[in-house]
Amino acid sequence: MSTRLATGGRLIDRSARRRFTFDGRAHEGYAGDTLASALLAGGHTLLGRSFKYHRPRGLVASGAEEPNALVGLGAGARFEPNQRATTTELFDGLQAVSQNAWPSLDWDVGVVNNAFARFLPAGFYYKMFMHPRPLWKHLFEPFIRRSAGLGRAPSERDADRYEHFYAFCDVLVVGGGIAGLQAALAAGRAGARVILLEQTAHWGGRSPVDGVRIDGGPAEAWINAAVQELDGMENVTLRPRTMGAGVYDHGYVLGYERVGDHDPAAEVPRHRLWRIRAARLITATGALERPLSFAGNDVPGVMLASAVRDYVVNWAVSPGDRTVVVTNNDDAYRTALALKSAGLEVPAILDARPRAEGELPEMARAHGIRVETGKGVAKVRGGRHVTAVGVCAQAGEGAVLEEIACDAVAMSGGWSPVVHLWSHCGGKLEWDAAQALFRPDPDRAPTGHDGHPFVATAGAASGALQADRAMADADENMKNVLQGIGRKSPSRKPPKVESAEEAPLAPVWQMPQGAGPALRAKMWLDYQNDVKVSDVRLAAQEGYESVEHTKRYTTLGMATDQGKLSNINGLATLSQALHEEIPQVGTTTFRPPYTPISMAAIAGEARGPVFQPLRRTPMHEWHEANGADWEPVGQWRRPYCYRRAGESRRDAVHREVRNTRNALGLLDASTLGKIMVSGPDAERFIDMLYTGKMSTLKPGKCRYGLMCDENGFLMDDGVCARLDERSFLCHTTSGGAERIHGWMEDWLQCEWWDWQVHVVNLTEQFAQVAVVGPNARNLLERLGGIDVSKETLPFMAWTEGTLGGFRARVFRISFSGELSFEIAVPASEGRAFWERLVEAGEGFGAMPYGTEALHVMRAEKGFIMIGDETDGTIIPQDLGLDWAISKKKEDFLGKRGMERVNMTSPDRWKLVGLETLDGSVLPDGAHAPAEGLNANGQRNTQGRVTSTYYSPTLGRGIAMALVHRGPERMGETIAFNVPGRTPVKAKIVEPVFYDPKGERQNV
Amino acid sequence: MSEAVTALNGARYEGIATIAEAPLGGMVTLRGDLSGADLGAAVQEAAGVAVPGRRGVVAEGPRTALWMAPDELLLLMPYAEAPETAAGINAALAGRFALAVDVSDARARFHVSGPRAREVLAKLSPVDFAAGVFAPGEVRRTRAAQAAAAVWMSGEEEFSLICFRSVARYVFDLLSMAAAPGGEVGAFD
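Please read these numbers as outputs of a predicted model, since none were measured by experiment.

Thresholds applied
Residues numbered from 1 in each chain as written. Chains lettered and ligands numbered in written order. Predicted model: local features only at pLDDT ≥ 70, side-chain atom pairs only at ≥ 80, totals over all residues. Heavy atoms only, no water. Helix = DSSP H or I, 4+ residues; strand = E, 2+ residues; numbered from the N terminus. Buried < 20%, exposed > 50% of the residue type's maximum accessible area, 1.4 Å probe, protein only. Contact = heavy atoms within 4.5 Å. Buried area = accessible area lost by both parts, 1.4 Å probe. Salt bridge = Lys/Arg side-chain N within 4 Å of Asp/Glu carboxyl O. Core = buried A, V, L, I, M, F, W, Y, C linked by side-chain atoms within 4.5 Å. Phe/Tyr/Trp six-rings, centres within 6.5 Å; stacked < 30°, edge-to-face > 60°. Lys NZ or Arg CZ within 6 Å of the ring centre and 35° of its normal. Pairing = 2+ DSSP bridges. Polar contact = N/O pair within 3.5 Å; in protein donor to acceptor, adjacent residues only side chain to side chain.

Brief notes about the overall build of chain A
Part 1 of the reasoning: From N to C terminus, chain A includes 25 helices and 52 strands.
Part 2 of the reasoning: Residue burial in chain A is summarised as follows: out of 1003 residues, 60% are buried.
Part 3 of the reasoning: Within chain A, residue pairs in contact and separated by at least 24 positions form 66% of the contacts whose partners lie at least 6 positions apart.

Below, the structure written as structure tokens:
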């Protein structure tokens, strides 16, 4: 079994103990441990269950590529599922729980799937659950949902904070191994702005573990010196614990910094998403070791050879007393040597190659390790842990020649460069047959806006696997990159790297090569999603020839590790089954992120109160303090109504309507759009924007106007005031101000660029209050300073001056049918002005009213509302607004659109009023059915409700509706469907329910 | 006039940088041909500053001109002077294609100061705030997270950020969160 070694461990600090729990049981590790190394040191080789068959699974890897060791981390508001134990740094108090096992990791009932495994081949779900269809919803789907999934979702709101950071540089280097460090040094010395990201907490990558020597000393010494030099450069930013997550167009790269994961007690943002613009990106992302496909390669205790020596060298953890190494290359011999020098047994190295006579194999032999060439693993003995391997000839069909007792297996099928970042933005790959790997093709690099490559590779990521070649590759590629951005690279020789010379590997995609179906059904390709060699072969047999289709059919590479270990082995298996060459089969597409990043990091600061901008008027706090029930209007919050103690929302609205009609109401209308249009060509421009002839308006007067898009559809309305000879103030809807401002600028900048018109959005400059009701004039006279008499300030006029000491513009306009003034004051004085009105209005029965009372009153008057009566398909004529459309104007936006056949058809639905026969309130959006079916077999309809309210003024339900040929059908009764009720009959009437002659507003 | 208040009543936050809402200031939007000699003279006369170049800032004490667009300036002056400044420019440019409007009440202004001010801003705006790249004399129209904003340096270690008044609370909350202790990035050290 696995255990901690008495000495060694370059990353751990034995003087600093760290306590943690796994499935509730207490454990201990050291500072510098990962959760994986600490668990392995504690003898935990069973860490999870597989997704489909619930097979016992242990660690395979030591880094970001780990497929098995996924755990739930933390508790409560800090719980997070599916965290890789290999990339989780250990801290005091860490809580981890295993996943996908019930009732426990050791005894999982789901494992019965094992017995039925052969009934769950690739495509099982597709085949099984197609018929009979009703069973899917009621039987199959609930069952699959219960048994599927890895970790459980958190149940509480995330307690941590997250943020973004925007960074800019000339050269971004991803990967802090020796190649990345060398690249950063070269760029830094050349004076470029450099950012260097490393996903782990340590610099130097694999070199220290692999015994590489640089400039005559151990790699570590050179690495420390390099980091120190970089740290001292002002133009270089070093970022450990930060992964290069994704590469996008125009040199945009996402970096994922885990700021606080390793120290949750620190008051820091947990994750920081770096949003980097880099002129050039260097991916020095290294390479990942591939598993070998032999039967039983998923039994806990079978690990990648590189991971085995990582655990031994970095964390002083022995994965087992007796480790059999199985390989097709020289590199894995390093693992045998590392184990040996840690005092552990290596009973044999099984090398699938016929010969192994390189430097490393000879060293192994010199250490007395038995090397068997031409051999492989036929099978692995052991259920929850390896107990022995059966040795076979690689050339044969799997007859066991010998059993070797062991408690760990270190496997190596060769290495694959990490080409993910290279590929994200379109970089192409080429097949390197000698090394059996896909590597970036420098002639087909991702290109930037200028057509030049903006991504280059360095080191093992280029396919230069041996350390000396990696260093040379990094140095050369960096020189080219610096040249490309016009920087002179310092004429320094790259450091001298000594690394054992490795003989070529022999590609091994199946072990033994002649294995039959029984063995192939036990060879795992994708550990997390339980995809085996037999599944991929079945997919090929069933006609899935494209690697992308096979991936989806078998789910190969679709787990949270995105196939980091399985992709190459899987496509090699597919190519063999198809009798095609590997490059012809190709790879699946690499997509960001490299490993999963937290959703919270993507959201950054945008959560809770700042999820999105919330716009507040100057009177917002007053409303809040006075019982406002809020309604979102665009990004604004407006009071829907002001509730008094014990009052329902409905009662409040009715009170506000009655009070406004009978005494005095105050409305915060600050959100209304206020756009100034000014210039020598303002008249001409304004006549194009509005359907009516606005240019005839005299200074001091206002007029209601409609704005349509080019198709003639009504998109905004409001009152336009003429300020002076060449200036207008256009009021827009609350939600439309920015859109209409943009619309105006669009026409001025793109189409009528030679018209002399300026547009300034003054929406936020003014607080605006509607003073409405029979006592409105009394209140303004009480404030004093401006003559608001009927004679001086008639309906649809405006004036300005000082009102009660406030600089004010007073517009005599009405959206309620009552005597009404809208008063604009500087926003900074809005709150004071509002409070003055409330206070001075007390004797006149003043009450604030909200948007719902506004809606009820406008509906009583038959005034349309953009967004209720319009939906982007309605022209003004549909709403009976023909009077607001100029027939004299040669042109205006929407004129041509309105003349199209469909728009002038007498069969359009048009606006009418509705009175239910029983006085009830129709539901919003209710449809009136008509005879017959349409072309789709649906019931025909003849109208729909656009606005509907209970009118406290009239004591009954009122509604506005669009009805087929509505205005021609006055007095007719039609029925509207109401869910759960018999259809409600309503009489078609004029849409103006209250004061049709407009006598109330004209006093 | 005495009852005029800023959106947040001078809200302030001290973290890794200091966030402070600035007192009311005068602001005049000027649209017109910025290269015109008559416009330059009118600005100098009424606002007391020269016309800045592209993306530039010209500051003379409390009077500042910010370049907002190829045909737009934002002029800053004491609050009480804004109406007469706008009127003065309009009078000087009468009959020309130019427009000055008092917009003093449409915005909120924040001062972000301290050695970490650059980092705080770089969390919210896609702008290169590195010293030597972003320096006094430059203004950037950008966004602070999801709200439109403009930023310039109004002191040695002080940035000014303006946004619309209605989102003052949102922007203040953003800046405060970005400046919360523990949020040091160290990217500009």
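Side note on the interface of chain A and chain B
Part 1 of the reasoning: The partner chain B presents 54 residues to the 49 residues of chain A that form the contact.
Part 2 of the reasoning: Across the chain A to chain B interface the summed buried area is about 4100 Å²; carbon plus sulfur atoms make up 55%.
Part 3 of the reasoning: Together, Tyr166, His758 and Ser828 of chain A form the three largest contributors to the area buried by chain A at its contact with chain B, with a combined 18%.
Part 4 of the reasoning: Summed over the shared surface of chain A and chain B, the number is 4 salt bridges.
Part 5 of the reasoning: Close ionic contact of Glu3 of chain B with Arg836 of chain A constitutes a salt bridge, the shortest N to O distance being 3.2 Å.

Digging into the nonpolar core
Side chains of a nonpolar character, in soluble globular proteins, are inclined to be buried together.
Part 1 of the reasoning: Within the largest apolar cluster, 81 residues are counted, with the highest numbers of intra-cluster contacts made by Leu172 of chain A together with Phe110 of chain B.
Part 2 of the reasoning: Ranked by residue count, the leading element in this core is helix 4 (residues 168-178) of chain B, at 7 residues.

Brief notes about the packing of aromatic side chains
All names here are of chain A.
Part 1 of the reasoning: In this structure the tally under the stated criterion is 21 aromatic pairs over all chains.
Part 2 of the reasoning: Taking 5.5 Å as the distance between ring centres and 40° as the angle between the ring planes, the aromatic pair formed by Tyr311 and Trp315 counts as tilted. One end of the pair is Tyr311 and the other is Trp315, both in helix 6 (residues 305-315) and 4 residues apart, which spans about a single turn. As far as the burial class goes, Tyr311 and Trp315 line up, both buried.
Part 3 of the reasoning: An aromatic cluster is defined as three or more aromatic residues linked by ring pairs; in this entry it consists of Phe685, Trp743, Trp747, Trp752 and Trp755.
Part 4 of the reasoning: Above the ring of Tyr950, the side-chain terminus of Arg650 is found at 5.1 Å from the ring centroid.

A look at helix 7 (residues 333-341) of chain A
Residues spaced three or four apart along an α-helix point in a common direction, a consequence of the helix completing one turn every 3.6 residues.
All names here are of chain A.
Part 1 of the reasoning: The element helix 7 is extensively covered by neighbouring structure, given that 7 of its 9 residues are classed as buried.
Part 2 of the reasoning: Every buried residue belonging to helix 7 is among Tyr333, Arg334, Thr335, Ala336, Leu337, Ala338 and Leu339, and all of these are buried.
Part 3 of the reasoning: After helix 7 finishes, the residue Gly343 shows a positive phi value of roughly 85°.

Concerning the pairing of strand 44 (residues 806-811) of chain A
All names here are of chain A.
Part 1 of the reasoning: Burial analysis of strand 44 places 5 of its 6 residues in the buried class, the great majority of the element.
Part 2 of the reasoning: Examined bridge by bridge, strand 43 (residues 798-803) and strand 44 share 6 bridges and lie antiparallel to one another. Paired with Gly801 across the two strands is Ala808, which belongs to strand 44.
Part 3 of the reasoning: Hairpin connection, strand 43 to strand 44: the antiparallel pair is bridged by 2 residues, and Gly804 has positive phi, about 55°.
Part 4 of the reasoning: The pairing of strand 44 with strand 45 (residues 820-826) spans 3 bridges and is antiparallel. Bridging from a neighbouring strand, Arg809 pairs with Ala824 of strand 45.

Thoughts on the pattern of salt bridges
Part 1 of the reasoning: Under the definition given, this model contains 72 salt bridges over all chains.
Part 2 of the reasoning: Its salt-bridge partner being Arg258 of chain A, residue Asp261 of chain A comes within 2.8 Å of it at the nearest N-O pair.
Part 3 of the reasoning: Of the charged contacts in the structure, one is a salt bridge between Glu14 of chain B and Arg12 of chain B, with a shortest N-O distance of 3.0 Å.
Part 4 of the reasoning: Residue Arg12 of chain B is classed as exposed on the basis of its relative accessible area of 55%.
Part 5 of the reasoning: In the salt-bridge network here, residues are joined through shared partners; they are Arg206, Asp210, Arg309, Asp310, Asp331, Arg334 and Glu502 of chain A.

Brief notes about the side chain of Glu138 of chain B
All names here are of chain B.
Part 1 of the reasoning: By secondary structure assignment, the location of Glu138 is in the loop between helix 3 (117-122) and strand 9 (139-144).
Part 2 of the reasoning: Of the polar contacts made by the side chain of Glu138, one reaches the side chain of Arg55; its length is 2.6 Å.
Part 3 of the reasoning: With residues up to four places along the chain from it excluded, the contact list for Glu138 reads Arg55, Val57, Val133, Val151, Trp152 and Met153.

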